[in-house]
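The lines below spell out each chain.
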Number of protein chains: 2
Amino acid sequence: MGARITGLETFDVRFPTSRELDGSDAMNEAPDYSAAYLVLHTDDGHAGHGFTFTIGRGNELAVAAARVIGERAVGLAVDDVVHDLGGFARHVAADSQLRWLGPDKGTIHLGTAAVVNAAWDLAAKLAGKPVWKLLADMSPRQLVDLVDWRYLTDALTPDQALEMLQRQEPGRAEREAYLREHGYPAYTTSAGWLGYDDGKLARLCREAVEQGWDAVKLKVGGNLDDDIRRCRIAREILGPHRRLMIDANQTLGVPDAIRWARALGESGIWWFEEPTSPDDVLGHAAIAAEIAPIKVATGEHAHNAVMFKQFLAADAIGICQIDACRLGGVNEAVAALLLAATKGVPVCPHAGGVGLCELVRHLSMFDYVAVSGSMENRVVEYVDHLHEHFVDPVRMRGSRYLVPELPGYSAEMHPDPVRRFAFPDGEAWRT
Amino acid sequence: MGARITGLETFDVRFPTSRELDGSDAMNEAPDYSAAYLVLHTDDGHAGHGFTFTIGRGNELAVAAARVIGERAVGLAVDDVVHDLGGFARHVAADSQLRWLGPDKGTIHLGTAAVVNAAWDLAAKLAGKPVWKLLADMSPRQLVDLVDWRYLTDALTPDQALEMLQRQEPGRAEREAYLREHGYPAYTTSAGWLGYDDGKLARLCREAVEQGWDAVKLKVGGNLDDDIRRCRIAREILGPHRRLMIDANQTLGVPDAIRWARALGESGIWWFEEPTSPDDVLGHAAIAAEIAPIKVATGEHAHNAVMFKQFLAADAIGICQIDACRLGGVNEAVAALLLAATKGVPVCPHAGGVGLCELVRHLSMFDYVAVSGSMENRVVEYVDHLHEHFVDPVRMRGSRYLVPELPGYSAEMHPDPVRRFAFPDGEAWRT
C-alpha cells in the first residue's frame, strides 16, 4: 500500500510591513504582507508546502479557507495526487457547498490556491525537480490534462492547446539551456510606492538604474498632478530608453483611467496596470482602445481563468498579469498561460508581497520553455522584500531571475519566521 | 449624545435540507441551506438583523467574514448610519486589507451583505417602515447617494440616475396603491429540483397549476435526454400558456449551453438561467445571441454591480437576477436596479434558500414603485421552504407576494430556530 496524505497544518503568518509604508499604493495604503501558509504531510515523511498571499487583516479567513479545502486532500493516495494533478485540483475545488462561497473566487479560491500549490510542491519534491522543470518535462498531453476545460472551450479546445504545445516541443531543450544561462527578465516596483516622497522616489530610481534595471513601475491613482510630477521625475532619471510602467491599483473609474493615461502618456508609459475594477472586462477594453499604444495590464486580482479568457477575447489587456495565489494554483495558471499564448499576449506575472516572486518565476520559466516560447516583452515583477524567509529564495543576476534549482515550488518557509511572525501570538506581534 | 452601535452577535445557522434533496440541482447536489446571521445592537436597546446565505459547509467562513466586517460598524453613531446608508456601506467595505480577499466578491462580500442588510433593518425599524417603503419614500437624490458610483459612471452617471428616478416620481403613489392591493408576481421553483424523479416532478407541476402558478422553473444541466423528457412532462402539464423556465446552475460550457437551449426550446422556454460560469459576461452574450428568443438569465452568483454593468452593456442577459445576499447588501442591489432600468431589462431576483424570499420582495417592490415602474415580465422567485423561522415571513396570495408591513428588512429570525439549528451544537445537528 502506497503513501497517503495524512496531515495538514496551517499557519497565519503576517509581516508588519505597514510600519515602513513598503507596498503602499492608491488602494492599499498600509499592507501587512501575509501568508496563509499550509503544509500537507504524508505518512512516509514527505511534505508539500503552499500558501496564499493577503495583505493583513482577514488572513485568518484565508487560513480557514486553506484548511477547509486542505481537508479534502487528507486521505488521498500520494501517487494518485502527484500523477493526476489536474484531477486533484478539480477535486479539492469541487465541494458543491464550499463552491457557493465563490464560486472560483475570493477567499475560498485563495484557499484552493494554497492547497493546490502545496500539492505541486510535494509532487515536485518527490520528482526531485523544481516545479518549472517538472512542468517543462511534461508531455503536451499531460499539460492539457492539468486544465479544467469546462468553461474554456469556446476560446480554446484541448485539441487546439495540444497542437500549440506540440509546436513548441522541438525547441524546449534549446530554450531551457538559454534560460539556465541567462535567466528570465524582471522589473522592479521597489522604487515607486505611493507612500514615498519625491526625494525617496528619485533616489530609488537612481539606485534602480545603477543596479541595472531597465524597467521600473510607479504607483499612481491618488492625485493626478502628483502623478504627473512623479512620472516626470522617474522618466528624467530613467532616460529615454528604459521602460516606465504605472499602476493605479483599481482606484479609477473608466473615464478617469483614460484621463490619467492621456496625461501621463507624456512620460512614455509602457503599460497602465489595474486602471479600474479588476472585474471590468469591458471597461478595460474601452480603456485599451482609447489609450493605445500604452498597453493595459491587469490580472493580479483576476480570480480565475474565465476572467482571463474574457480579457483576452475582448482585447482588453495587452499584458497578462497572472497571480500564483489568486488563481487556483498552478493548474489554473497553466490555463491562463495557454489562453494568453493563443492571442500572443505576453504574460508578466504579478509578484512582490511575500513569496510571490518565489513562485511566479517557475510559471514564467515554464511559459518560456514550453508554452509561448518567448521572452520578448515579458518581465516578471520583482520586489526586494521578505525573500530571506524562504528556503529557496529568488536569486537575481542584475535584472534577471536565475532558475530555481531546488526540488519543489519554492513555497517552503524557514520554521523560525513562521513562528516569529505568527499572528497574533508570534514575537513580532507581541511587541 | 445619540445612540451608538455597541454590540455585534453572529450565528452559524444551518438547516439540514440535504436530507430531503430539496434544492438539488446540477451543480449543488445536496445543499444545507444556511445563514451567516448577524445582529447589530445599539446602546439604547434597538437591533438590526441581517444575514447572508450559503448552502452549508463553509458557512463558518461567511460568519467570520460577517464578524470582521461587522466590527467596522461597532462604535458608529446610529444617526450617522441610518441617515447615510450609502456612506455606511462604503465604510464597511473600505478596509483595504480586507478588500484584498475580494475585492467585492466571494466570502468577504457575503459578510458585507450581512452587515449592510442589518444596518438597513435597523434603519427601517427606527423609521417604522418596511425597507421597500423606506426606499420608496426616499427622494431621487437620496437614492442616488446610496450607490457607490466609482466603477459605474461609464454606464450611468449619478445625474442620469437622478433624472431617471425623477421621471418615475409622479407615479409612485399610484403604483404603491396598486402594489398594496395586488401584490407582486412570483414563480415557483419548488416543482423542479433535479433530485426529484419524473413522477414527483409531474405531481408537483400539477399541484403548481392547481395552486395558481403561471410560471414554473425546472433544474437542468445533468443529462440532456433526461432534461428533454422532463421539460416535455412539465410543458404537457403546464399547457401552452403558462411559462416554463430552465436553470442549469452553471454546469455547462458555452457551446453546450447553446446545444441545451436549442434542444429544450421545443418545450417553449421563457428563460435559460445560469447556463455557464457566472463570471463569463462574453460567454453569456454569445449564448444570448444564439438562443433568442429564449432569454438568458443570470445574477444569483454575479458578485457586484460591475458585473451587472457588463452583463447589461453586452446584451448578455435578458433577465437580471440580483441576489440580496451575494451583492453587498441593499445599496449594491439599488445600483443593479438602476443599471437594469437604463436598459429596460426586467429584474427577477434570485430567491429560495433560507430567507432570500423574505428579503428580495422588498427590492422588487421598491423597483416597481420608484425605479422601473413596471411589473411586466417581472417575477420574483418563490420556494416554499423555511419561511416559518422568520418573524416577518413572506405572505402569498395565489402566485403573488403581498407587501410586507412590519418595520425592517424581514431578516429577523425567531430565537428558537437560531438556537435549534445552530451549527454544530444545536439540537438539529446533534441528533
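The rules we used
- Residues numbered from 1 in each chain as written.
- Chains lettered and ligands numbered in written order.
- Predicted model: local features only at pLDDT ≥ 70, side-chain atom pairs only at ≥ 80, totals over all residues.
- Heavy atoms only, no water.
- Pairing = 2+ DSSP bridges.
- Helix = DSSP H or I, 4+ residues; strand = E, 2+ residues; numbered from the N terminus.
- Axes fitted to C-alpha atoms, helices over the stretch in contact; angles between N-to-C directions.
- pLDDT = per-residue confidence, 0-100.
- Disulfide = S-S within 2.5 Å.
- Buried < 20%, exposed > 50% of the residue type's maximum accessible area, 1.4 Å probe, protein only.
- Least-squares fit on C-alpha atoms with pLDDT ≥ 70 in both.
- Contact = heavy atoms within 4.5 Å.
- Domains from an automatic or database assignment.
- Buried area = accessible area lost by both parts, 1.4 Å probe.
- Salt bridge = Lys/Arg side-chain N within 4 Å of Asp/Glu carboxyl O.

Let us now look at the sheet that holds strand β3 (residues 47–54) of chain A. Residues and elements named next belong to chain A. Reading across from one edge, β1-β2-β3 is the order of the three strands in this open sheet, with antiparallel pairing throughout. The strands lining the two open edges of the sheet, one partner per strand, are β1 (5–14) and β3. Direction aside, neighbouring strands of the sheet carry axes that sit 15° apart on average. Across nine bridges, β1 lies against strand β2 (residues 34–42) in antiparallel orientation. For T10, the partnering residue across the bridge sits in β2 and is L38.

Another point: the confidence of the model for chain A. Averaged over every residue, the pLDDT of chain A is 96; the share at 70 or more is 99%. The complex model carries a pTM of 0.97, and its ipTM stands at 0.97.

This next bit is on the state of the cysteines. Residues and elements named next belong to chain B. Tallied over the full model, the rule gives zero disulfides over all chains. Summary of cysteine pairing: C231 is not part of a disulfide, and the nearest cysteine sulfur, belonging to C205, is at 9.7 Å. On the basis of relative accessible area, C231 is assigned to the buried category, the value being 0%.

Superposing chain A onto chain B takes a rotation of 180° plus a shift of 0.0 Å along the axis, which leaves an RMSD of 0.0 Å. Taken together, the rotation and translation relating the two chain copies correspond to the operation of a two-fold axis. Taking C-alpha positions as reference, the residue of chain A nearest the rotation axis is G106 of chain A, located at 2.1 Å. A high fraction, 100%, of the interface residues of chain A reappear at the interface in chain B, so the copies pair face to face through one surface.

Attention now moves to the domain arrangement of chain A. Residue and element names in this part refer to chain A. Partitioning chain A into structural domains gives domain 1 (5–154) and domain 2 (163–417). A C-alpha centroid distance of 21 Å is found between domain 1 and domain 2. In this assembly, 57 residues from domain 1 lie in contact with 62 residues from domain 2. Across the domain 1 to domain 2 interface the summed buried area is about 4,600 Å²; carbon plus sulfur atoms make up 69%. Looking at the side of domain 1 facing domain 2, the largest losses of area belong to F15, F51 and W132, adding up to 16% of the total buried there. Summed over the shared surface of domain 1 and domain 2, the number is three salt bridges. Measuring nitrogen to oxygen at the nearest pair gives 2.9 Å for the salt bridge that ties K125 to E412.

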